[in-house]
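What follows is the residue order along each chain.
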Amino acid sequence: MRRVVYDTNVIVSAALKPGSLPAALVTLALRQQVQLCVSDALLAEYTEVLNRPKFGLEARAVATLLAELTAGALIVQPTERITAARDASDDPVLECAVAAAADLLVTGNLKHFPAPTFRGIAIVTPAEGVARLLA
């Protein structure tokens, strides 16, 4: 099973736009067709961002989504500090991907990451992620 890390923007887009490519990626994880990999830091970021008032998501819906995602996820404990992202707030995403030996890191913000790969991990858009994972 392919190991994937989803940047927070993928999770938020999935929550806001059912039927979108990010939602399809989340569905693959929920159906355990891919192994979603997360760290405590990444889960904390998912939680904080999804609960921002500007998105208008109900706290209960957010809690349910996060519980379902984590139920089948591989939770990793990164041991290496990485400072390679153009935006330092994205370094924990890279740390998670490296700790998980992920196949893909999927993000809507390629410009923040050292694309197209980082230590053998492909960094792709949601469209490319769907294409690769369903191939």
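We now turn to the structure provided with this report. Because the structure is a prediction, the values reported are computed rather than measured. (Residues numbered from 1 in each chain as written. Predicted model: local features only at pLDDT ≥ 70, side-chain atom pairs only at ≥ 80, totals over all residues. Heavy atoms only, no water.)

### Notes on the pattern of salt bridges
Going through the model one piece at a time under the given rule, you end up with 4 salt bridges. Where Glu-80 meets Arg-119, a salt bridge forms, and the shortest distance between an N and an O atom there is 2.7 Å. Taken together, the residues Glu-80 in the loop between β3 (74-76) and α5 (91-100) and Arg-119 in the loop between β5 (117-118) and β6 (121-124) connect sequence positions 39 residues apart. On the basis of relative accessibility, which here comes to 51%, the residue Arg-119 falls in the exposed class. Of the charged contacts in the structure, one is a salt bridge between Glu-128 and Arg-132, with a shortest N-O distance of 2.8 Å. With a gap of 4 residues between them, Glu-128 and Arg-132 both fall in helix α6 (residues 126-134), about one helical turn apart. (Salt bridge = Lys/Arg side-chain N within 4 Å of Asp/Glu carboxyl O. Helix = DSSP H or I, 4+ residues; strand = E, 2+ residues; numbered from the N terminus. Buried < 20%, exposed > 50% of the residue type's maximum accessible area, 1.4 Å probe, protein only.)

### Some points on the packing of helix α1 (residues 8-16) against helix α2 (residues 21-30)
Direction vectors running N to C along α1 and α2 enclose 100°, while the axes themselves pass 7 Å from each other. In terms of orientation, α1 lies roughly perpendicular with respect to α2. On the side of α1, the interface is formed by Val-10, Ile-11, Ser-13 and Ala-14, while α2 contributes Pro-22, Ala-23, Leu-25 and Val-26. Broken down by class, the residue content of the contact of α1 with α2 amounts to 7 nonpolar, 1 polar and no charged. (Axes fitted to C-alpha atoms, helices over the stretch in contact; angles between N-to-C directions. Parallel < 35°, antiparallel > 145°, perpendicular 65-115°, else oblique. Contact = heavy atoms within 4.5 Å. Nonpolar A, V, L, I, M, F, W, Y, C, P; charged D, E, K, R; others polar.)

### A look at the packing of α2 against helix α4 (residues 59-71)
Packing of α2 against α4 leaves a shortest axis separation of 8 Å and a crossing angle of 50°. With respect to their mutual orientation, α2 and α4 come out oblique. Taking contact as the criterion, the partners of Val-26, Ala-29 and Leu-30 in α2 are, on α4, Leu-65, Glu-68 and Leu-69. When its residues are assigned to classes, the contact of α2 with α4 shows 5 nonpolar, no polar and 1 charged.

### Observations concerning the side chain of Thr-8
For Thr-8, the position within the fold is in helix α1. Setting aside chain neighbours within four positions, we find Thr-8 in contact with Leu-42, Glu-45, Tyr-46 and Val-49.

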